[in-house]
Amino acid sequence: YNDLAIYYYDKNPLTYIIKAEICMYNNDIGNAKSNLQKAKDIREIKESKYQLYDTYTDKTMWVRIDKDLAKIALKEGNLELAHHYIKEIRANWQYFDSEVLLILSDILKAQGEEKQSNLSKDFVKILNDIDKAIRKNPNNDELYYDKATFLSVIDEGFALASINKAISISPKSEYLLFKAGLKKTRNKD
C-alpha cells in the first residue's frame with residue numbers, strides 16, 4: 001500500500017499545485033514554479049490544455065495553475081506575463097471566481113491604475129455576495145442569471161457558464177435570449 005500511495009502522490013498533479021501554493025505562501029518562488037511545471041507536465045501527458053474536459057476537477061485544475069502562474073509573475077514584477085495569464089483564463093476558460101478579479105486588481109494597481117483597481121475590488125464584493133446567495137440556494141435560476149448579467153460587464157465568456165447553469169435549471173426565454181446575445185457579441189471578437 002505504501003508503494004501505491006507514493007505512486008499516486010507522485011502522479012497526481014494536484015499534489016504539485018498544493019506544494020506550489022505552499023511555496024508561494026512562503027515566498028519560495030523558484031520551488032513554486034518548478035512544482036507548477038511538474039503539475040503541467042503530468043496533465044499534458046494525458047490531454048491538451050485547452051481541450052474541454054468532462055470533469056469539473058480537470059477544468060479547475062488548469063485554471064488554478066494559470067492563476068498561480070499569474071500570481072508568481074505578479075510577485076516577480078512581470079506585469080505583462082501576469083496579464084497574459086489573466087487573458088489566457090478569460091480566453092480559454094468559461095470559469096470565473098473572485099480570485100481572478102483580485103489578481104487583475106493587483107495588476108492594475110501595480111500599473112498605477114488605482115481607480116480601476118478599486119473598481120475591481122468593488123466587483124469582487126458584489127460577486128462574492130452573489131456566490132454566497134447561490135451556495136445557500138443552488139437551484140435558484142434567477143441567481144445564476146444575476147451572476148451572468150453581472151459577469152457580462154467584465155467578460156462575456158465568463159457570463160456564459162452562469163447563464164448555461166440558469167438555463168439548465170429553467171429554460172426561460174429571457175435566459176435563452178441573453179445567451180444568444182452573449183454568443184453574438186463573443187463571435188464578433
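Structure shown above.
For clarity, every value in this text was computed on a predicted model and none was experimentally measured.

**Student:** Talk me through helix α2 (residues 13–25); I want residue IDs and the actual numbers.
**Tutor:** The first and last C-alpha atoms of α2 sit 19 Å apart over 13 residues, in line with the 18 Å expected at 1.5 Å per residue. Along α2, the positions that sit buried rather than exposed are Pro-13, Thr-15, Tyr-16, Ile-17, Ala-20, Cys-23 and Met-24. Of the residues trailing α2, Asn-27 is marked for its positive phi of about 60°.

**Student:** Lay out the environment of Ile-163 with the relevant residues and their values.
**Tutor:** Within the secondary structure layout, Ile-163 lies in helix α9 (residues 156–169). Accessibility expressed as a relative area gives 0% for Ile-163, which makes it buried. Once the C-alpha coordinates of Ile-163 and Leu-182 are considered, the two residues, 19 residues apart in sequence, prove to be 9.5 Å apart. The residues contacting Ile-163, other than those within four sequence positions of it, are Tyr-145, Ala-148, Tyr-175, Phe-178, Lys-179 and Leu-182.

**Student:** If you had to explain the nonpolar core to someone new, which residues and values would you point to?
**Tutor:** Ranked by internal contacts, the top residues of the largest apolar core, which has 48 residues, are Leu-36, Ile-65, Ile-86, Leu-151 and Ile-163. Here the element with the most residues in this core is helix α4 (residues 56–75); it accounts for eight residues. Sequence-distant contacts of Ile-65, defined by excluding residues within four places in its chain, comprise Ile-17, Leu-36, Ala-39 and Lys-40.

**Student:** Outline helix α8 (residues 141–154), listing residues and values.
**Tutor:** Its 14 residues place the ends of α8 20 Å apart at the C-alpha level, agreeing with the 20 Å of an ideal helix rising 1.5 Å per residue. For α8, every residue scored as buried is listed here: Asp-141, Leu-143, Tyr-144, Lys-147, Ala-148, Phe-150, Leu-151, Ser-152 and Ile-154. Sitting at the amino-terminal end of α8 is Asn-140, which places a side-chain oxygen 2.9 Å from the backbone nitrogen of Glu-142.

Rules used in this analysis
Residues numbered from 1 in each chain as written. Predicted model: local features only at pLDDT ≥ 70, side-chain atom pairs only at ≥ 80, totals over all residues. Heavy atoms only, no water. Helix = DSSP H or I, 4+ residues; strand = E, 2+ residues; numbered from the N terminus. Expected span 1.5 Å × (residues − 1). Buried < 20%, exposed > 50% of the residue type's maximum accessible area, 1.4 Å probe, protein only. Contact = heavy atoms within 4.5 Å. Core = buried A, V, L, I, M, F, W, Y, C linked by side-chain atoms within 4.5 Å. Polar contact = N/O pair within 3.5 Å; in protein donor to acceptor, adjacent residues only side chain to side chain.

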